[in-house]
Amino acid sequence: MKQNKQKRYSEKEKQEIFDNEFLPHIEAIYNFAYSLKPNVEEARDLVQETLLKAFRFITSFERGTNAKAWLFRILKNTFINEFRKQQRAPSKVDYQEGSIYYNIADKAEGLSKNLAVEVLKDLVDDEVAIALNALPIDFRTIIILSDLEGFTYKEIAKILDVPIGTVRSRLHRARNALKEKLQAYGKAMGYKDKRQKKKN
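A quick note: this is a predicted structure, and the numbers were derived from the prediction, not measured.

Cut-offs used in this document
Residues numbered from 1 in each chain as written. Predicted model: local features only at pLDDT ≥ 70, side-chain atom pairs only at ≥ 80, totals over all residues. Heavy atoms only, no water. Helix = DSSP H or I, 4+ residues; strand = E, 2+ residues; numbered from the N terminus. Buried < 20%, exposed > 50% of the residue type's maximum accessible area, 1.4 Å probe, protein only. Contact = heavy atoms within 4.5 Å. Areas by Shrake-Rupley, 256 points an atom, 1.4 Å probe, with all protein chains shown as cover. Axes fitted to C-alpha atoms, helices over the stretch in contact; angles between N-to-C directions. Parallel < 35°, antiparallel > 145°, perpendicular 65-115°, else oblique. Left-handed = near helix turned anticlockwise from the far one by under 90°. Nonpolar A, V, L, I, M, F, W, Y, C, P; charged D, E, K, R; others polar. Salt bridge = Lys/Arg side-chain N within 4 Å of Asp/Glu carboxyl O.

**A look at the overall build of the protein**
Here comes step 1: Of the regular secondary structure elements, the protein holds 12 helices and zero strands.
Here comes step 2: For the protein, the N- to C-terminal ordering of α and β elements is α-α-α-α-α-α-α-α-α-α-α-α.
Here comes step 3: Within the protein, the proportion of its 200 residues that are buried is 40%.
Here comes step 4: Summarising the internal contacts of the protein: among those between residues at least 6 apart in sequence, 74% fall at separations of at least 24.
Here comes step 5: Working note: accessible area of the protein is about 12900 Å², and carbon and sulfur atoms make up 50% of it.

**Details of the packing of helix α3 (residues 26–36) against helix α9 (residues 137–148)**
Here comes step 1: The interhelical angle for the contact between α3 and α9, taken along N-to-C directions, is 160°, at an axis separation of 10 Å. Between α3 and α9, the crossing angle belongs to the class labelled roughly antiparallel. α9 is crossed by α3, and the crossing has right-handed handedness. Contacts from Phe32, Ser35 and Leu36 in α3 reach Ile137, Arg140, Thr141, Ile144 and Leu145 in α9.
Here comes step 2: Among the residues forming the contact of α3 with α9, the class breakdown is five nonpolar, two polar and one charged.

**Brief notes about the packing of helix α4 (residues 40–56) against helix α5 (residues 67–85)**
Here comes step 1: Where α4 contacts α5, the axes come no closer than 9 Å and their chain directions differ by 120°. For the element pair α4 / α5, the angle class is oblique. As for the relative orientation of α4 and α5, their crossing is right-handed in sense. Across the interface between the two elements, Leu46, Glu49, Thr50, Leu51, Lys53 and Ala54 from α4 touch Trp70, Leu71, Ile74, Leu75, Thr78, Phe79 and Glu82 from α5.

**A closer look at the pattern of salt bridges**
Here comes step 1: By the definition in use, this model includes eight salt bridges.
Here comes step 2: Across the salt bridge formed by Glu82 and Lys37, the nearest N and O atoms sit 3.0 Å from each other. Of this pair, Glu82 sits in helix α5 while Lys37 sits in the loop between α3 and α4, and the two are 45 residues apart along the sequence.
Here comes step 3: Linking Glu149 and Lys68 is a salt bridge whose minimum nitrogen-to-oxygen distance equals 2.5 Å. Highlighted residues: Glu149 in the loop between α9 and α10 (153–160) and Lys68 in helix α5, separated in sequence by 81 residues. There is no split in this pair, since Glu149 and Lys68 are both buried.

**Overview of the environment of Leu171**
Here comes step 1: Relative to the assigned elements, Leu171 resides in helix α11 (residues 164–188).
Here comes step 2: Owing to a relative accessible area of 0%, Leu171 belongs among the buried residues under this scheme.
Here comes step 3: Along the backbone, Leu171 and Asp138 are 33 residues apart, and their C-alpha atoms lie at a distance of 9.4 Å.
Here comes step 4: Sequence-distant contacts of Leu171, defined by excluding residues within four places in its chain, comprise Ile142, Ile143, Ser146, Asp147 and Tyr153.

Shown next, in the form of structure tokens:
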């Protein structure tokens, strides 16, 4: 009975979903991967593993729903699983998935460390990027999901598998931590507090 459910989409439909709904988000998922693993090769590996899993479990994806949030959740779960294992065994890709794998590899090859830097620079100033990267991974992740990627609290809760209340409180703490980092960075760079300027 489970097998019948997995036959919802034809092979052609699966490929269409993958090409039209998943691949347009490759840069966003790469940047999320890079925020979790700030190493170009490791981030690429994480993206490839995410897209392979997305294709493998494509029958559980509902067409017309938020593909980006679905991919982010797969990426986050993949990252956690890899982190728990610590030592990653070589993954086996079956022959049917081989062509998909190489298609992903070709697209991911174009993603360089410059992409993460460029996208981040387009979204935030250099000092914000530095402060953001200095945050603990939980805080960094939730700020990226909310403030850079624009996911709703409900979507973030689903991606991170936490209650909405946890999303709100973690985001509040993360923003406060980022603010403190920026204040410390500003002092180190010689910026004066506006209140001090008024006194002068």
